[in-house]
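Examining the three-dimensional arrangement
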Amino acid sequence: MATLPGGIQGLYPEALSPEQLEKLRDFKIQTRITNEKYLRTHKEVEWLISGFFREMFLKRPDNIQEFAADYFTDPRLPNKIHMQLIKEKKAA
């Protein structure tokens, strides 16, 4: 796999023109900006991920994929996240 300008990796670097590469780079930058804005306005995503990592590091499971599946399908998870959001709003 070849590395293209801007760190883009692809099988056939000659398949894209310089103009197409520039458009692709701009698209990737805009996507990152959009994702960052989304994450900043949805604190529940932060709580989901930080809670998962906290539990993973505390329990250190042998099978992380199984642990992740159990963690994210726990029927109590939505309520836990909701309660954390309420606590955060009260503290602010």
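Per an unreviewed UniProt entry, the recorded name for the protein is RIIa domain-containing protein 1 isoform X2, and the organism is Balaenoptera musculus.

A few words on the overall build of the protein. Assigned secondary structure in the protein consists of four helices and two strands. The linear arrangement of helices and strands in the protein, starting from the amino end, is β-β-α-α-α-α. Within the protein, buried positions represent 16% of all 92 residues. Looking at the protein alone, contacts between residues at least 24 apart form 28% of all its contacts between residues at least 6 apart. For the protein, the accessible surface area stands at approximately 7800 Å², while carbon and sulfur atoms represent 59% of it.

Further remarks concern the layout of surface pockets. Where empty space is left becomes clear once a probe the size of a water molecule has been rolled over the atoms. Within this model, the largest pocket holds a volume of roughly 230 Å³. Elements that contribute at least two residues to the lining of the largest pocket include exactly helix H2 (43-59), helix H3 (64-72) and helix H4 (77-91). The element best represented in the lining of the largest pocket is H2, accounting for five residues. Across the lining of the largest pocket, the residue classes tally to five nonpolar, two polar and seven charged.

Here the focus is the nonpolar core. In this structure, Phe52, Met56, Phe67, Ala68, Tyr71, Leu77 and Ile81 together form the largest nonpolar core, which totals seven residues. Contributing elements (two or more residues each) for this core: H2, H3 and H4. Ignoring sequence-local partners within four residues, the contact set of isoleucine 81 consists of Glu44, Trp47 and Leu48.

Moving on: the packing of aromatic side chains. All told, the structure shown has seven aromatic pairs when counted by the stated rule. Put simply, the rings of Phe52, Phe53, Phe57, Phe67, Tyr71 and Phe72 pair up and form one aromatic cluster.

So, about the packing of H2 against H3. Direction vectors running N to C along H2 and H3 enclose 135°, while the axes themselves pass 11 Å from each other. As judged from the angle between their axes, H2 and H3 are oblique. Of the two elements, H2 crosses H3, and the hand of that crossing is right-handed. Residues Leu48, Gly51, Phe52, Glu55, Met56 and Lys59 of H2 form the contact with H3, whose own contacting residues are Ile64, Phe67, Ala68, Tyr71 and Phe72. For the contact of H2 with H3, the per-class residue count stands at eight nonpolar, one polar and two charged.

Criteria and thresholds
- Residues numbered from 1 in each chain as written.
- Predicted model: local features only at pLDDT ≥ 70, side-chain atom pairs only at ≥ 80, totals over all residues.
- Heavy atoms only, no water.
- Helix = DSSP H or I, 4+ residues; strand = E, 2+ residues; numbered from the N terminus.
- Buried < 20%, exposed > 50% of the residue type's maximum accessible area, 1.4 Å probe, protein only.
- Contact = heavy atoms within 4.5 Å.
- Areas by Shrake-Rupley, 256 points an atom, 1.4 Å probe, with all protein chains shown as cover.
- 1 Å grid on protein atoms, 1.4 Å probe; cavity = no way out; pocket = protein on both sides within 12 Å on 5 of 7 lines; lining within 4 Å.
- Points joined across faces, edges and corners; volume = space filled by probe spheres on them.
- Nonpolar A, V, L, I, M, F, W, Y, C, P; charged D, E, K, R; others polar.
- Core = buried A, V, L, I, M, F, W, Y, C linked by side-chain atoms within 4.5 Å.
- Phe/Tyr/Trp six-rings, centres within 6.5 Å; stacked < 30°, edge-to-face > 60°.
- Axes fitted to C-alpha atoms, helices over the stretch in contact; angles between N-to-C directions.
- Parallel < 35°, antiparallel > 145°, perpendicular 65-115°, else oblique.
- Left-handed = near helix turned anticlockwise from the far one by under 90°.

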